Amino acid sequence: MIRVEHLTKTYGQGNAAAYALRDISLEIAEGESVAVTGPSGCGKTTLLHVLAGIETLDEGKVWIGNVALHELKEQELAQLRLERMGFVFQAYHLVPVLTAWENVSLPLTARGFKASDAKKQAMEALHRVGLSDKARRYPSELSGGQNQRVAIARAIVGRPAIIWADEPTGALDSESAEQVIGLLDMLHKHDGTTVVTVTHDSSIAQKANRIIRMHNGRVLDHGLVVQ
Ligand SMILES: Nc1ncnc2c1ncn2[C@@H]1O[C@H](COP(=O)(O)OP(=O)(O)OP(=O)(O)O)[C@@H](O)[C@H]1O
């Protein structure tokens, strides 16, 4: 369960301070798939970053399960991200000098897994996204859609409880976007992973259990739960 109470976030200080998030309260159930939508600049990415502990909040409280995110130090946040969360961004963020296999292994080696175990699990994750045969390719040798599937493999290799996806299909053609949407949907339906996706893409939003609509730093609509 993700629980947010009266979350506020501003950028800048004094007269230059601008609200990115204003008094947001919401809940996301374990295993739920939620899409966050709204016009450009309304605070979607900021919300995702604060909930994932990438950015700090100014006021309010955020719990991930029974962990109070707002009380954690940077080091503890980093550990929480590594062990319980996976990330998929529009720009993939793969390491260019590492192969697909090595990129996917990274979250596990960072957690201290033996290299051989990390590589074995990375291979399984690549298999799940349909890229077993591309394991030794570098990002520059793969298409955008394939790179995004490598990024998804990296996000799921540590079996996270939550996947945060920020415009995961934003840079993809429609066929690759379909594959990525299908994979995120499978993680939610098959693995029971909580998936929170910031998106302008209505086909992603339609697949979610719930659509949270934002406007000007506020939640306009929490959406009806679709079973
Ligand atoms: N690092 C920053 N410094 C200052 N202002 C910022 C920063 N990041 C975001 N903002 C501002 O906060 C507000 C919310 O931005 P955010 O990126 O969360 O919106 P968004 O809904 O994700 O937009 P988009 O759909 O265009 O990605 C915007 O007004 C933006 O200009």
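Higher on the page you've got the structure.
Cut-off values and rules
- Residues numbered from 1 in each chain as written.
- Predicted model: local features only at pLDDT ≥ 70, side-chain atom pairs only at ≥ 80, totals over all residues.
- Helix = DSSP H or I, 4+ residues; strand = E, 2+ residues; numbered from the N terminus.
- Expected span 1.5 Å × (residues − 1).
- Buried ≥ 20, exposed ≤ 12 C-beta atoms within 10 Å, placed from the backbone.
- Arc of directions from axis to C-beta.
- Contact = placed C-beta atoms within 7 Å.
- Near = placed C-beta within 6 Å.
- Nonpolar A, V, L, I, M, F, W, Y, C, P; charged D, E, K, R; others polar.
- Pairing = 2+ DSSP bridges.
- Right-handed = clockwise from strand over helix to strand, strands pointing away.
- Axes fitted to C-alpha atoms, helices over the stretch in contact; angles between N-to-C directions.
- Parallel < 35°, antiparallel > 145°, perpendicular 65-115°, else oblique.
- Left-handed = near helix turned anticlockwise from the far one by under 90°.

Colleague: How do you make sense of helix 6 (residues 174-191) when you look at a structure like this?
Modeller: The α-helix advances 3.6 residues per turn, and as a result positions three or four apart in sequence lie on the same side. A rise of 1.5 Å per residue sets the reference length of helix 6, with its 18 residues, at 26 Å; its end C-alpha atoms lie 25 Å apart and thus fit the reference within 8%. Residues A177, V180, I181, L183, L184, L187 and H188 constitute the buried set of helix 6. Take helix 6 and look down its axis: the buried residues cluster within an arc of 155°, on one side only. Helix 6 presents S174, E175, G182 and H190 as exposed residues on the side facing more than 90 degrees away from its buried surface. Buried residues along helix 6 sit against strand 3 (33-37), helix 5 (144-156), strand 7 (162-166), strand 8 (194-198) and helix 7 (202-207). Just past helix 6, the residue G192 takes up positive phi, approximately 75°.

Colleague: Is there a simple way to think about the environment of I212 in this case?
Modeller: For I212, the position within the fold is in strand 9 (residues 210-215). The class of I212 is buried, set by 23 C-beta atoms lying within 10 Å. If we skip the residues at most four places from it in the chain, I212 touches L26, V34, V36, V219, H222 and G223.

Colleague: So what exactly am I meant to see when it comes to the site of the ligand here?
Modeller: Taken together, Y11, A20, G38, S40, G41, C42, G43, K44, T45 and T46 form the complete shell of residues around the ligand. With three residues, helix 1 (residues 44-51) is the single largest residue contributor to the shell around the ligand. In terms of residue class, the shell around the ligand is built from three nonpolar, six polar and one charged.

Colleague: Just to check I follow, could you spell out the pairing of strand 8 for this structure?
Modeller: Moving residue by residue along a regular strand, the side chains alternate between the two faces of the sheet. Counting buried residues along strand 8, five of its five residues qualify, which places the element largely inside the surrounding structure. Examined bridge by bridge, strand 3 and strand 8 share four bridges and lie parallel to one another. Residue pairing in the sheet places S33 in a bridge with V195 of strand 8. Both strand 7 and strand 8 contribute to a ladder of five bridges, which runs parallel. Residue pairing for strand 8: I163 is matched across the bridge by V195. In this view, the connection linking strand 7 to its parallel neighbour strand 8 by way of helix 6 has right-handed handedness.

Colleague: Would you explain the packing of helix 3 (residues 100-110) against helix 5 in this entry?
Modeller: Packed helices, taken two at a time, are described by the angle their axes make and the gap between the axes. Between helix 3 and helix 5, the shortest axis-to-axis distance is 7 Å and the interhelical angle comes to 30°. With respect to each other, helix 3 and helix 5 are oriented roughly parallel. Crossing of helix 3 against helix 5: the hand is right-handed. Every residue of helix 5 that contacts helix 3 at A100, N103, V104, L106 and P107 is listed here: V150, A153 and R154. When grouped by side-chain class, the residues that make up the contact of helix 3 with helix 5 number six nonpolar, one polar and one charged.

Colleague: I tried to follow the sheet that holds strand 2 (residues 18-28) on my own but got confused; where do I start?
Modeller: Pairing between the strands of a sheet comes from backbone hydrogen bonds, and it takes one of two forms, parallel or antiparallel. The antiparallel open sheet is built from four strands, whose spatial order is 2-1-4-5. This sheet does not close on itself; its edge strands, each paired only once, are strand 2 and strand 5 (67-68). Two elements, strand 4 (residues 59-64) and strand 5, share two bridges in a ladder whose sense is antiparallel. Looking at strand 5, one finds that I64 is bridged to V67.

Colleague: Help me understand the sheet that holds strand 6 (residues 85-89) in this model?
Modeller: Spatially, six strands are ordered 6-7-8-3-9-10 in an open sheet, and the strand pairing comes out mixed. Only two strands of the sheet have a single partner each, and these edge strands are strand 6 and strand 10 (218-221). Direction aside, the axes of adjacent strands within the sheet are offset by 25° on average. Summarising the sheet, strand 6 and strand 7 pair through five bridges and their orientation is parallel. Its bridge partner lying in strand 7, F87 is registered against W164. On the sheet, helix 5 packs against strand 6 and strand 7 and is oriented at approximately 165° with respect to strand 6.

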